[in-house]
Amino acid sequence: MYWIFEICGEIKRAQSCRKFAIDGPFDWLNRILMPTLMVICCFLQTFTFIFGTNISCVGFDRDDKSFAEEYCWTQGIYTNKAAYNMPQHAPYPGISPCVPAIIPKTGKIWLPCSDEETDKAYHLWYQWVPFYFLAVALGYYIPFLILKGSKLHQVKPLITYLLDHDNLEGDPKDLVGKLSHWVFKQLVYPRFASTSSLSMFWHEWGLVLLVCSVKVLYLTTSLLHMVLTARMFKIGNWFTYGIQFARRATKNTTHVKDIVFPKMVACRIVQWGATGKVPTTGMCVLALNVMNQYLFLIVWYMNVLLIFLNFFSCAYTILKFCSPNIVHHRIVNSSSLLDDHDFTRMFGYVGPSGRIILAKMSEHMPGYLLTLIARKVTKKIDKENIKNKGQA
């Protein structure tokens, strides 16, 4: 359970502008906000399960009250599909009497109660809602764990060293030397080393593919979250839950919150008697669904928001890597470089993956420092070029 506390701790760390982060604001919504929301919902559900009243049933005169309630809670409760969208004739949405009734003004016989299983909508998801919230929280956090093990995370100690106030006020030569040496060895030197074409491809494009994969994973997670949650509910349209929730229920329709999260449900207990099986049908109150309808409403809006933001993030990331000039202009304009000539040369040598790291470094260091690093790196590049020409 350590990862839960790590997720909650990320909120405080993300608030500091001087703290190095290997991902962007859109990713923070996925790995921080959504998991934290899911963990809070899990705690609320667990607290209610332990200290609250989960179910209360009536109509089971032949059975002990506690036995009937525990039986209904564990074996499953249901509502009648025919008793929806006719609230003026049903005492509760989804619950109807098993006796004939005449619909006013139409004269039609209305007998919605049925023993057919196809007419019943069973609601069993409430038994494992806390595990659902934990699974969703973990699903949104896993892509960040993949990104955390990449080369992009290797620059974190240098950036942390850079952001140290004492180091910024000290001798800049030592700081520039360390950073320029790391940039050259990790991002530039593999171009001059005799390596295979496969390792060279992975050096230039590996981090790009990883970052794009993480963006796609966030989008896939948000889409799967929506689809799998819709499959969890046996009745009602989860895909439009947030939209329908904002609408008022008309006279002849049942509100979506009473369909997806019924407060009154039916339960049937079957026991052996002198003449064989003796079924008893009663009604139960699921007070927990009063809270669930609002918790899941927040989850729905966050899920929809993340789907749109993750789609935009994927499209922008792919566009950014397909057009290096976008990254170059962004770094030059935001860092206020003293001279972008050396930086442009370094930018061309580091490759697509290296440009991601340079863009991340530029967010956490002054422009003059980035300029000095670029000058030292270009000098090392010139030395390697001369060395290679001499060997040729």
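Heads up: these notes are all about the structure in this document.

Reading guide: rules and limits
Sequence order sets the numbering: in each chain, residues are counted from 1 along the sequence as written. At least 70 in pLDDT is required for a residue's local features to be given in this predicted model, at least 80 for side-chain atom pairs to be given and counted, and no such filter applies to totals for whole chains, interfaces and linings, which use all residues. Note: side-chain values were computed over all heavy atoms of the structure, leaving out hydrogens and water. A run of DSSP states H or I qualifies as a helix once it reaches four residues; a run of E qualifies as a strand once it reaches two. Both are numbered from the N-terminal end. Here's how the labels work: a residue is buried when its accessible area is under 20% of the maximum for its type, exposed when over 50%, partly exposed in between, all with a 1.4 Å probe on protein chains only. Only the protein chains shown count as cover for residues, and the accessible areas themselves come from Shrake-Rupley with a 1.4 Å probe. Angles run from 0 to 180 degrees between N-to-C directions of axes, and those axes are lines fitted to C-alpha atoms, restricted for helices to the stretch in contact. Convention used here: angles under 35 degrees read as roughly parallel, angles over 145 as roughly antiparallel, angles from 65 to 115 as roughly perpendicular, and any remaining angle as oblique. Definitions for this section: a left-handed crossing has its near helix turned counterclockwise from the far helix by less than a right angle. A right-handed crossing has that turn clockwise. The contact rule is simple, with two residues in contact once any of their heavy atoms fall within 4.5 Å. The aromatic pairing rule takes the rings of Phe, Tyr and Trp, using the six-membered ring of Trp, and pairs them if the centres are within 6.5 Å, calling planes under 30 degrees apart stacked, those over 60 edge-to-face and the rest tilted. Note on terminology: disulfide denotes any pair of cysteine sulfur atoms within 2.5 Å. In the analysis that follows, any N or O atom pair within 3.5 Å is treated as a polar contact, provided that within protein one partner can donate a hydrogen and the other can accept it, and provided that, for residues neighboring in sequence, both atoms belong to side chains. Counted as salt bridges are all cases of a side-chain nitrogen of Lys or Arg within 4 Å of a carboxyl oxygen of Asp or Glu. Nonpolar side chains (Val, Leu, Ile, Met, Phe, Trp, Tyr) within 5 Å and like charges within 9 Å form the patches, drawn only from residues with over 30% relative accessible area and no salt bridge. Nonpolar residues are Ala, Val, Leu, Ile, Met, Phe, Trp, Tyr, Cys and Pro. Charged residues are Asp, Glu, Lys and Arg, and all others, Gly as well, are polar.

Glancing now at the overall build of the protein chain. Each helix and strand counted, the protein chain has 14 helices and 7 strands in total. Evaluated residue by residue, the protein chain yields a buried proportion of 46% over its 392 residues. Total accessible area computed for the protein chain in this model is approximately 20,700 Å², and 63% of it derives from carbon and sulfur atoms.

For the pair helix H4 (residues 129-148) and helix H11 (residues 288-322), interaxial distance at closest approach is 14 Å and the crossing angle is 20 degrees. In terms of orientation, H4 lies roughly parallel with respect to H11. You can see that H4 and H11 cross each other, and the crossing is left-handed. Residues Val129, Tyr132, Phe133 and Tyr140 of H4 form the contact with H11, whose own contacting residues are Phe296, Val299, Asn303 and Leu306.

Under the criterion given, the structure shown has 26 aromatic pairs. Ring geometry for Tyr78 and Tyr122: centres 5.5 Å apart, planes at 55 degrees, overall tilted. Highlighted residues: Tyr78 in strand S2 (residues 77-80) and Tyr122 in strand S5 (residues 120-123), separated in sequence by 44 residues. With relative accessibility at 8%, the residue Tyr78 sits in the buried group. Between Tyr132 and Phe296, the ring centres sit 5.6 Å apart and the planes meet at 25 degrees, which makes this aromatic pair stacked. Residue Tyr132 is found in helix H4, and its partner Phe296 is found in helix H11; the two are separated by 164 residues along the sequence.

The next subject is the state of the cysteines. Evaluation of the coordinates by the stated rule reveals 2 disulfides. Paired by a disulfide, Cys57 and Cys284 hold their sulfur atoms 2.1 Å apart. When the S-S torsion is 105 degrees, as for the bridge of Cys57 with Cys284, the disulfide is right-handed. Note that Cys57 is positioned in strand S1 (residues 56-58) and Cys284 in strand S7 (residues 276-285), a separation of 227 residues in sequence.

On to the side chain of Asn310. Here Asn310 lies in helix H11. Within the structure, Asn310 has its side chain in polar contact with the side chain of Ser222 (distance 3.5 Å). If sequence neighbours within four positions are ignored, Asn310 has contacts with Asn30, Tyr218, Leu219 and Ser222.

When their charged atoms lie close together, side chains carrying opposite charge are able to pair. Evaluated as defined, the whole model comprises 6 salt bridges. Of the charged contacts, one joins Glu69 and Lys65 as a salt bridge, the two residues approaching to 2.9 Å between their closest N and O atoms. With Glu69 and Lys65 both in helix H3 (residues 65-75) and 4 residues apart, this pair spans about one turn of that helix. Salt-bridge contacts for Asp342 lead to Arg375; the nearest nitrogen and oxygen are separated by 4.0 Å. In this pair, Asp342 is assigned in helix H13 (residues 340-362) and Arg375 in helix H14 (residues 367-391), connecting sequence segments 33 residues apart. For Asp342, a relative accessible area of 15% puts it in the buried group. Each of Lys257, Asp258 and Lys263 takes part in a single network of salt bridges with overlapping partners.

Turning our attention to a nonpolar patch on the surface. Together, Leu138, Ile142, Leu145, Ile146 and Leu217 line one region of the surface with nonpolar side chains, adding up to about 370 Å² of accessible area. A per-element tally of the nonpolar patch places H4 first, with 4 residues. Inspection of the secondary structure puts Leu217 in helix H8 (residues 197-232).

A pair of packed helices is characterised by two quantities: the angle between their axes and the separation of those axes. Contact geometry of helix H12 (residues 324-335) with H13 gives a least axis separation of 10 Å together with a crossing angle of 100 degrees. With respect to H13, the axis of H12 lies roughly perpendicular. Contacts between H12 and H13 involve Pro324, Val327, His328, Ile331, Val332 and Ser335 from the first element and Asp340, Phe343, Thr344, Phe347, Arg355, Leu358, Ala359 and Ser362 from the second. Taken together, the residues of the contact of H12 with H13 sort by class into 8 nonpolar, 4 polar and 2 charged.

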